[in-house]
Structures are given as C-alpha cells and as structure tokens.
Amino acid sequence: IVASGEVAPWQEASLGAEVTGIRLDKVLVNVGDVVTKGQLLARFSEDTLRADLAWLNAAVDEATANLMKARTEAARADKLEETGAMPQQLIQTYRTQVQVAEAQLASARAQRDAQSLRLRYARVVAPDDGVISSRSATVGAVSTMGAELFRLVRRNRLEWRAEVPAELLARLQPGITAIVQTHDGAEVTGTLRQRSPTVDPGTRNGIAYVDLPGDSGLAGGM
C-alpha cells in the first residue's frame with residue numbers, strides 16, 4: 001500500500017501563564033531546546049507575590065490569635081454558666097465569637113494557600129521531556145491568564161499520518177512496518193500504531209498513524 005501524509009508531533013503540549021498581571025522576568029529556553037520534565041522554562045516576577053504572601057501569613061497569625069482569645073473567653077463563660085454569675089445571652093455571644101473566629105481563620109488560610117499556589121505558578125516548568133517547538137514568551141511582558149508561552153513536543157516523539165483510501169484501511173493492522181521515504185530519497189522505518197476509526201467524507205481517506213524513531217531526522221510539518 002502506497003500513501004502520503006505529513007509528519008506531526010505525537011502530542012504537543014501548550015504551556016500558558018497561570019498568573020495574571022505579573023511581569024515576565026526570565027525566559028530560559030528557546031525553540032529547538034531539549035528540556036526535561038520539571039525543568040524551569042520561564043519565571044515571572046515574584047516580588048509582589050511574595051509580599052502578598054507575607055501579608056496573608058500575618059493575617060493567618062492574627063486570626064489564630066483571635067481564635068485562641070475567643071476560645072479562652074468562651075471557656076471562662078462556660079464555667080460561670082454553672083454558677084449563674086453570667087447572663088445566658090452573654091455566654092451564647094462568647095460561643096458565637098468562637099465560631100466567627102474559626103471561620104475567619106479558615107478564610108485567612110484559604111487566601112494564603114491560594115497565594116502560595118500563585119507563587120508556585122510564577123515558575124513555568126516543563127510537564128514532560130521534549131523539545132520546545134514554539135515560543136511566544138517575551139521578557140518584560142505582563143501576563144494574561146491562559147496566554148500561551150511555549151509549545152512542547154512531548155518526548156520529542158513524532159508520527160507520520162498517512163492518508164489511506166478507505167477500501168485499503170481495513171488491511172492495515174497495528175504493529176506492521178511502514179517505510180517512510182523522504183524527499184531526498186532517504187528511508188525511515190516506522191511502526192503502525194493505530195488507524196483512524198472514521199474516514200474523511202470529502203476525500204474518502206482515513207489516517208494511519210505511524211510511530212517514527214527518535215533519530216529519524218524528520219521534523220513536524222514535513
């Protein structure tokens with residue numbers, strides 16, 4: 001079976017900004033760079049984020065102190081309740097203050113945790129091994145939530161997407177060998193991974209997905 005088709009990344013990850021309104025300080029990779037999982041690719045300014053986190057840590061400490069005070073006053077009120085030396089309404093007020101202080105502490109902790117997450121997102125890291133195929137990150141640019149910074153060809157893995165007539169598609173079984181001939185006459189041996197379950201209604205062709213070896217010398221778009 002003879003077919004033609006293009007070479008494309010097996011999977012291409014889009015890496016975007018997960019913070020907003022923060023200036024991009026450093027861009028550490030460029031197109032074509034080979035990266036490993038967890039490698040730092042870019043970093044947003046952390047000064048403002050760290051200052052906000054410090055303020056929220058102080059807010060948690062304050063809320064914790066207020067809760068301890070409210071619990072102490074409520075415990076004293078509970079003891080006085082047995083003697084009848086304190087009105088029941090005032091005792092209930094002290095108990096309510098404990099609940100309010102607990103809610104305020106939970107809120108302060110949630111805000112602190114959210115800010116800690118923003119600080120972590122200020123560092124853009126590679127989600128997998130691969131090769132940077134596109135870069136739109138620019139030093140000094142102010143981030144917008146979700147804006148794409150890089151594209152990553154995961155594991156530097158490419159595939160050939162052969163367009164095969166529908167009547168021949170059923171003859172192709174996963175695991176068979178495919179010989180891919182490049183424009184310069186070189187041949188690359190690949191393995192059929194899967195075939196598409198549908199065909200294009202216009203061309204009546206289906207796609208056969210062929211895994212290519214890492215040292216094929218091919219590039220996406222060929």
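This report concerns the structure included in the present document. (Residues numbered from 1 in each chain as written. Predicted model: local features only at pLDDT ≥ 70, side-chain atom pairs only at ≥ 80, totals over all residues. Heavy atoms only, no water.)

A few words now on the side chain of S196. Among the structural elements, S196 can be located in the loop between strand 11 (187-195) and strand 12 (205-211). Overall, the relative accessible area of 10% leaves S196 in the buried class. A distance of 2.9 Å separates a polar side-chain atom of S196 from the backbone oxygen of T198. With sequence-adjacent residues up to four places away left out, S196 is seen in contact with L169, G206, I207 and Y209. (Helix = DSSP H or I, 4+ residues; strand = E, 2+ residues; numbered from the N terminus. Buried < 20%, exposed > 50% of the residue type's maximum accessible area, 1.4 Å probe, protein only. Polar contact = N/O pair within 3.5 Å; in protein donor to acceptor, adjacent residues only side chain to side chain. Contact = heavy atoms within 4.5 Å.)

Relative to the helices and strands, S4 resides in strand 1 (residues 4-9). Separated by 156 residues in the primary sequence, S4 and W160 place their C-alpha atoms 9.0 Å from one another. Sequence-distant contacts of S4, defined by excluding residues within four places in its chain, comprise W160, R161, A162 and E163.

Okay, the side chain of E73 next. Position of E73 among the secondary structure elements: in helix 1 (residues 47-83). With no salt bridge to any partner, buried E73 finds its closest opposite charge in K69, at an N-O distance of 4.4 Å. Sequence-distant contacts of E73, that is, excluding residues within four places in its chain, are made with Y94 and Q97. (Lys, Arg positive; Asp, Glu negative; His and termini not counted. Salt bridge = Lys/Arg side-chain N within 4 Å of Asp/Glu carboxyl O.)

Inspection of the entire model under this criterion finds 13 salt bridges. R95 serves as the salt-bridge partner of D78, at 3.0 Å between the closest nitrogen and oxygen. Residue D78 is located in helix 1, and its partner R95 is located in helix 2 (residues 88-121); the two are separated by 17 residues in the primary sequence. Residue R95 is classed as partly exposed on the basis of its relative accessible area of 30%. Between E159 and R193 there is a salt bridge whose closest N-O contact spans 2.8 Å. Here R193 lies in strand 11 and E159 lies in strand 9 (residues 158-165), a separation of 34 residues in the sequence. For E159, a relative accessible area of 2% gives the class buried. Through salt bridges with shared partners, a single ionic network connects R157, E159, R161, R193 and D211.

Geometric descriptors of this kind do not, in isolation, establish any biological role.
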